[in-house]
Amino acid sequence: MVFFVACREPQTPHIKIVCTSDVHGNLFAYDFLSGDSMDGSLARVSTYLKGLRQQDDNVIYIDNGDMLQGSPATYYYSTHAVGHRHVAAEVLNYMMCDAVVFGNNEIELGGATYQRYADELTCPVLGGNVMYEGSETPFLPPYTIVERQGLKVAILGLTTPAIPHWIPKCQWPELEFVDMERSASRWMQHLRENQQADLVIGLFHSGYEGGIVDESYAENAARAVAERVPGFDAIFYGHDHQPRVAEVVNQRGDTVLLLNPGRDARQVATL
């Protein structure tokens, strides 16, 4: 398996953050339709994580959404084996995942499925711009604090607000998806005022730039948030399936690292 690794001078040599995105049900290195082996898979990522954890207990593993659609295994557990714990939740729990965000594919499956998935995960599902409709109350926790070796890492989760463009409202009743830049500014201020984090990491199910843009939101806003919302040390993003390592300079003059591992767990983004 090829791993997509980005390197820069870290703020501390003691923490490693590993991110997958847009896995699309590629849990096992096996094609259930053809019977052939497959590139990537969370099974192989799990082996990588085990190796890292054997060296030191300093690993944070996060996933960037679009997990539940794309393979017969996840389809079966989303639509038929509803009385059983979802296989994707079982796998992420086994891998000791620290945080996830919903992608548009989770929302597309409807409230019963994405709520069940969230309930069965042992880590938080983050969504700082997923609000109860007409309110400032988040439907999901906006961020989580993960501690490793005495260091505090704040992980702020956002998802693309273009979901209403593709998915009918009956699949996400009572929810509202707010512009990412506005939401990032709100929660970054909250983090500064209420948390003393050593690192602030973005976990965004949203592409680098472009896509659907109108007067109320941008589909792909990772670059814009990095540039216009000071405070992030790094942003892990996805949705556009384009592996990338980039650096942008924000309004304060600080450099922010952006990492996209691509799709299907063929690669991981590592900081």
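Here, the structure is the one placed above.
Residues numbered from 1 in each chain as written. Predicted model: local features only at pLDDT ≥ 70, side-chain atom pairs only at ≥ 80, totals over all residues. Heavy atoms only, no water.

A.B. asks: Honestly, the overall build of the protein in this entry has me stumped. Any pointers?
C.D. replies: Scanning the protein from N- to C-terminus turns up eight helices and 14 strands. The globule rule puts the C-alpha radius of gyration for 271 residues at 18 Å, and the 17 Å found for the protein is close to it. Out of the 271 residues in the protein, the part that is buried amounts to 55%. Sequence separation of at least 24 residues holds for 69% of the intrachain contacts in the protein that already meet a minimum separation of 6. Accessible surface, the protein as shown: approximately 11700 Å² in total, 48% of it carbon and sulfur. In the protein, 19 side chains carry a positive charge and 34 a negative one; their mean positions are 4 Å apart. (Helix = DSSP H or I, 4+ residues; strand = E, 2+ residues; numbered from the N terminus. Rg over C-alpha atoms; globule rule 2.2 N^0.38 Å. Buried < 20%, exposed > 50% of the residue type's maximum accessible area, 1.4 Å probe, protein only. Contact = heavy atoms within 4.5 Å. Areas by Shrake-Rupley, 256 points an atom, 1.4 Å probe, with all protein chains shown as cover. Lys, Arg positive; Asp, Glu negative; His and termini not counted. Charge placed at Lys NZ, Arg CZ, Asp CG, Glu CD.)

A.B. asks: How do you make sense of the sheet that holds strand S7 (residues 143-148) when you look at a structure like this?
C.D. replies: Hydrogen bonds along the backbone pair up the strands of a sheet, which may run parallel or antiparallel. Taken together, six strands build an open sheet; the order of strands is S7-S8-S10-S11-S13-S12 and the sheet is mixed. Two strands bound the open sheet, and with one partner strand each, they are S7 and strand S12 (244-249). Neighbour to neighbour, the strand axes of the sheet diverge by 20 degrees on average, direction disregarded. Set on the sheet, helix H7 (residues 180-194) makes contact with S7, strand S8 (151-159) and strand S10 (199-205); between it and S8 the angle comes to about 155 degrees. (Pairing = 2+ DSSP bridges. Axes fitted to C-alpha atoms, helices over the stretch in contact; angles between N-to-C directions.)

A.B. asks: Could you clarify how one ought to interpret the nonpolar core in this entry?
C.D. replies: Nonpolar side chains tend toward joint burial in soluble globular proteins. Leu42, Met67, Leu92 and Tyr117 are the most contacted members of the largest nonpolar core, which totals 38 residues. Not counting chain neighbours up to four residues away, the residues in contact with Met67 comprise Val23, His24, Gly25, Leu27, Leu42, Thr74, Ala88, Leu92, Glu106 and Tyr117. (Core = buried A, V, L, I, M, F, W, Y, C linked by side-chain atoms within 4.5 Å.)

A.B. asks: Even after reading the chapter, I still don't get unusual backbone geometry, so can you show me in this structure?
C.D. replies: Among all residues except glycine, the phi angle is most often negative; among peptide bonds, the trans geometry is most common. Of note, the phi angle at Gln149 is positive, near 50 degrees, even though the residue is not glycine. With respect to the element layout, Gln149 can be found in the loop between S7 and S8.

A.B. asks: Would you mind showing me how to read H7 here?
C.D. replies: An α-helix turns once every 3.6 residues. As a result, residues three or four positions apart point the same way. With 15 residues, H7 ought to run about 21 Å at 1.5 Å a step, and its terminal C-alpha atoms sit 21 Å apart, in line with that. Buried residues of H7: Met180, Ser183, Ala184, Trp187, Met188 and Leu191, and no others. Along the axis of H7, the buried residues cluster in a sector spanning 130 degrees; they form a single face. In H7, the exposed residues that point more than 90 degrees away from the buried face are Arg182 and Glu193. (Expected span 1.5 Å × (residues − 1). Arc of directions from axis to C-beta.)

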